[in-house]
Amino acid sequence: KYRHVKFEIPDKYNPFDVAIKYNSVPDCDRRILFVVGHVPQEDLRSRRLFSGTTGTVFDNVVNWACEYYNAPHLDKFDYAFFNYNAAKTYGKKPEVVAKIEDLFQRRLEKFVAQYKPTHVVAIGETALAALMPAYATDLMPSWASYIGTELKCSMSGVKFKLIPTVNFTRLLEGGGKKTASG
(Lines give C-alpha, C1' and ligand atoms only; values in the text may rest on other atoms or scores of the structure.)
Protein backbone atom coordinates (compact mmCIF):
# COMPACT_ATOMS: atom_id res chain seq x y z
CA LYS A 1 0.00 0.00 0.00
CA TYR A 2 1.09 3.57 -0.60
CA ARG A 3 0.03 6.92 0.80
CA HIS A 4 1.18 10.50 0.51
CA VAL A 5 2.66 12.30 3.48
CA LYS A 6 2.05 16.03 3.74
CA PHE A 7 5.21 17.86 2.73
CA GLU A 8 6.80 20.46 4.92
CA ILE A 9 9.02 21.50 2.01
CA PRO A 10 8.05 24.79 0.31
CA ASP A 11 7.20 24.56 -3.39
CA LYS A 12 10.13 26.84 -4.29
CA TYR A 13 12.45 23.89 -3.53
CA ASN A 14 10.53 21.54 -5.89
CA PRO A 15 9.70 18.83 -3.35
CA PHE A 16 9.44 15.24 -4.51
CA ASP A 17 5.88 13.99 -4.84
CA VAL A 18 6.51 10.41 -3.73
CA ALA A 19 4.02 8.26 -1.84
CA ILE A 20 5.45 6.22 1.01
CA LYS A 21 5.11 2.45 1.20
CA TYR A 22 3.42 1.19 4.36
CA ASN A 23 1.70 -1.76 5.99
CA SER A 24 -0.78 -1.19 8.79
CA VAL A 25 -1.26 -3.96 11.35
CA PRO A 26 -3.50 -2.85 14.22
CA ASP A 27 -2.44 -4.04 17.68
CA CYS A 28 1.04 -4.99 16.44
CA ASP A 29 3.67 -4.55 19.15
CA ARG A 30 6.35 -3.63 16.60
CA ARG A 31 6.26 -0.54 14.38
CA ILE A 32 9.18 -0.52 11.96
CA LEU A 33 10.22 2.65 10.16
CA PHE A 34 12.61 2.31 7.21
CA VAL A 35 14.29 5.65 6.53
CA VAL A 36 15.72 5.89 3.02
CA GLY A 37 18.45 8.49 2.57
CA HIS A 38 17.92 9.17 -1.13
CA VAL A 39 14.97 8.49 -3.40
CA PRO A 40 15.88 6.23 -6.33
CA GLN A 41 15.26 7.76 -9.77
CA GLU A 42 12.81 4.96 -10.63
CA ASP A 43 10.69 5.96 -7.59
CA LEU A 44 10.69 9.62 -8.62
CA ARG A 45 9.27 8.51 -11.98
CA SER A 46 6.64 6.18 -10.49
CA ARG A 47 5.95 8.57 -7.55
CA ARG A 48 5.98 5.57 -5.16
CA LEU A 49 8.84 4.85 -2.77
CA PHE A 50 10.51 1.43 -3.15
CA SER A 51 8.21 0.47 -6.03
CA GLY A 52 10.89 -0.37 -8.61
CA THR A 53 14.12 -2.34 -8.77
CA THR A 54 15.34 -1.10 -5.38
CA GLY A 55 12.09 -2.23 -3.77
CA THR A 56 12.34 -5.60 -5.50
CA VAL A 57 15.91 -6.08 -4.22
CA PHE A 58 14.76 -5.12 -0.73
CA ASP A 59 11.80 -7.52 -0.86
CA ASN A 60 14.07 -10.36 -2.07
CA VAL A 61 16.58 -9.74 0.74
CA VAL A 62 13.80 -9.66 3.36
CA ASN A 63 12.14 -12.80 1.94
CA TRP A 64 15.45 -14.65 1.97
CA ALA A 65 16.24 -13.52 5.54
CA CYS A 66 12.79 -14.52 6.80
CA GLU A 67 13.13 -17.94 5.19
CA TYR A 68 16.72 -18.46 6.34
CA TYR A 69 16.02 -17.45 9.95
CA ASN A 70 12.54 -18.98 9.99
CA ALA A 71 11.19 -15.58 11.05
CA PRO A 72 7.79 -14.01 10.50
CA HIS A 73 7.49 -12.11 7.23
CA LEU A 74 7.56 -8.33 7.24
CA ASP A 75 3.86 -8.17 6.34
CA LYS A 76 3.08 -9.42 9.88
CA PHE A 77 4.41 -6.10 11.23
CA ASP A 78 3.30 -2.49 11.05
CA TYR A 79 5.87 -0.68 8.90
CA ALA A 80 6.45 2.42 6.83
CA PHE A 81 9.14 3.54 4.40
CA PHE A 82 10.04 7.22 4.62
CA ASN A 83 12.32 9.24 2.35
CA TYR A 84 14.64 11.62 4.19
CA ASN A 85 15.67 13.42 1.02
CA ALA A 86 12.50 15.15 -0.15
CA ALA A 87 13.72 17.60 -2.79
CA LYS A 88 16.58 17.99 -5.23
CA THR A 89 19.68 19.45 -3.58
CA TYR A 90 22.30 18.76 -6.25
CA GLY A 91 23.82 21.84 -7.86
CA LYS A 92 22.40 24.25 -5.29
CA LYS A 93 24.46 26.71 -3.26
CA PRO A 94 25.69 25.34 0.10
CA GLU A 95 23.56 27.75 2.13
CA VAL A 96 20.43 26.69 0.21
CA VAL A 97 21.31 23.00 0.68
CA ALA A 98 21.76 23.60 4.43
CA LYS A 99 18.32 25.24 4.61
CA ILE A 100 16.68 22.41 2.64
CA GLU A 101 18.39 19.73 4.76
CA ASP A 102 17.12 21.48 7.90
CA LEU A 103 13.61 21.11 6.46
CA PHE A 104 14.30 17.42 5.73
CA GLN A 105 15.36 16.92 9.35
CA ARG A 106 12.28 18.65 10.78
CA ARG A 107 10.06 16.63 8.44
CA LEU A 108 11.68 13.37 9.64
CA GLU A 109 11.35 14.37 13.30
CA LYS A 110 7.67 15.19 12.81
CA PHE A 111 7.02 11.85 11.09
CA VAL A 112 8.81 9.95 13.89
CA ALA A 113 6.68 11.80 16.47
CA GLN A 114 3.47 10.87 14.61
CA TYR A 115 4.35 7.28 13.66
CA LYS A 116 6.05 6.36 16.98
CA PRO A 117 8.23 3.52 15.68
CA THR A 118 9.67 0.88 18.00
CA HIS A 119 12.42 0.09 15.48
CA VAL A 120 14.03 2.31 12.84
CA VAL A 121 16.15 0.93 10.01
CA ALA A 122 18.47 3.46 8.37
CA ILE A 123 19.06 2.69 4.69
CA GLY A 124 22.21 4.53 3.65
CA GLU A 125 24.61 6.90 5.35
CA THR A 126 22.44 9.99 4.85
CA ALA A 127 19.54 8.36 6.68
CA LEU A 128 21.84 7.15 9.46
CA ALA A 129 23.33 10.62 9.92
CA ALA A 130 19.81 12.13 10.05
CA LEU A 131 18.80 9.64 12.75
CA MET A 132 22.01 10.29 14.70
CA PRO A 133 22.23 14.09 14.39
CA ALA A 134 25.02 14.28 16.98
CA TYR A 135 27.32 12.94 14.26
CA ALA A 136 28.06 14.54 10.93
CA THR A 137 28.26 12.10 8.01
CA ASP A 138 32.08 12.37 7.94
CA LEU A 139 32.26 11.79 11.72
CA MET A 140 30.00 8.73 11.73
CA PRO A 141 31.57 6.11 13.99
CA SER A 142 33.05 3.17 12.06
CA TRP A 143 30.95 0.67 14.07
CA ALA A 144 27.70 2.33 12.96
CA SER A 145 27.55 0.44 9.67
CA TYR A 146 28.49 -3.01 10.98
CA ILE A 147 25.87 -5.67 10.38
CA GLY A 148 24.23 -6.53 13.66
CA THR A 149 24.61 -3.07 15.20
CA GLU A 150 21.55 -2.00 17.19
CA LEU A 151 21.42 1.29 19.07
CA LYS A 152 18.97 2.68 21.59
CA CYS A 153 17.96 6.09 20.30
CA SER A 154 15.27 8.69 20.61
CA MET A 155 13.92 11.49 18.46
CA SER A 156 11.03 13.85 19.11
CA GLY A 157 10.42 12.15 22.47
CA VAL A 158 10.05 8.71 20.85
CA LYS A 159 12.45 5.95 21.97
CA PHE A 160 13.34 3.27 19.43
CA LYS A 161 16.00 0.77 18.42
CA LEU A 162 18.07 2.06 15.50
CA ILE A 163 19.45 -0.51 13.07
CA PRO A 164 21.91 0.74 10.44
CA THR A 165 21.87 -1.27 7.21
CA VAL A 166 23.32 -1.50 3.74
CA ASN A 167 23.14 1.14 1.07
CA PHE A 168 21.08 -0.44 -1.74
CA THR A 169 22.37 2.07 -4.30
CA ARG A 170 25.84 0.54 -3.99
CA LEU A 171 24.39 -2.94 -4.47
CA LEU A 172 22.67 -1.88 -7.68
CA GLU A 173 25.53 0.12 -9.24
CA GLY A 174 26.52 -1.16 -12.67
CA GLY A 175 23.13 -2.78 -13.33
CA GLY A 176 24.38 -6.23 -12.31
CA LYS A 177 27.31 -6.14 -14.76
CA LYS A 178 30.67 -7.27 -13.46
CA THR A 179 32.82 -4.27 -12.63
CA ALA A 180 36.56 -3.92 -11.99
CA SER A 181 35.91 -3.88 -8.23
CA GLY A 182 33.78 -7.00 -8.14
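Everything discussed here concerns the structure shown above.
Residues numbered from 1 in each chain as written. Predicted model: local features only at pLDDT ≥ 70, side-chain atom pairs only at ≥ 80, totals over all residues. Heavy atoms only, no water.

Participant: Pulling in residues and values, what's your account of the side chain of Asn 85?
Facilitator: Tracing the chain through its elements places Asn 85 in the loop between β4 (78–83) and α3 (94–115). Given a relative accessible area of 6%, Asn 85 falls into the buried group. Of the polar contacts made by the side chain of Asn 85, one reaches the side chain of His 38; its length is 2.8 Å. Ignoring any residue separated from it by four or fewer positions in sequence, one finds Asn 85 in contact with Phe 16, Val 36, Gly 37, His 38, Val 39 and Phe 104. (Helix = DSSP H or I, 4+ residues; strand = E, 2+ residues; numbered from the N terminus. Buried < 20%, exposed > 50% of the residue type's maximum accessible area, 1.4 Å probe, protein only. Polar contact = N/O pair within 3.5 Å; in protein donor to acceptor, adjacent residues only side chain to side chain. Contact = heavy atoms within 4.5 Å.)

Participant: Which residues make up unusual backbone geometry, and what values go with them?
Facilitator: The backbone of Lys 116 sits at a positive phi, close to 55 degrees, despite the residue not being glycine. On the secondary structure map, Lys 116 appears in the loop between α3 and β5 (119–123). Backbone geometry at Ser 156 places phi at a positive 55 degrees, although glycine is not the residue there. Turning to its location among the elements, Ser 156 is positioned in the loop between β6 (151–155) and β7 (158–165). Looking at Ser 156, the relative accessible area reads 41%, which means it is partly exposed.

Participant: Please set out the sheet that holds β7 residue by residue, giving values where relevant.
Facilitator: With mixed pairing, seven strands are arranged side by side in an open sheet as β1-β2-β4-β3-β5-β7-β6. Strands with a single pairing partner mark the edges of an open sheet, and in this sheet they are β1 (2–3) and β6. Here two bridges tie β1 to strand β2 (residues 20–23), and the two strands are oriented antiparallel to one another. In the strand pairing of β2, Arg 3 is matched with Ile 20. Helix-sheet contacts for α3 involve β1, β2, β3 (31–36), β4, β6 and β7, and the interaxial angle to β4 is about 170 degrees. (Pairing = 2+ DSSP bridges. Axes fitted to C-alpha atoms, helices over the stretch in contact; angles between N-to-C directions.)

Participant: Give a description of the pairing of β3 that names residues and reports values.
Facilitator: With respect to burial, β3 is a largely interior element, five of its six residues being buried. In this structure, β3 lies alongside β4, joined through six bridges in parallel fashion. In the strand pairing of β4, Val 36 is matched with Asn 83. Across five bridges, β3 lies against β5 in parallel orientation. Across the sheet, residue Val 35 finds its bridge partner in β5, namely Ala 122.

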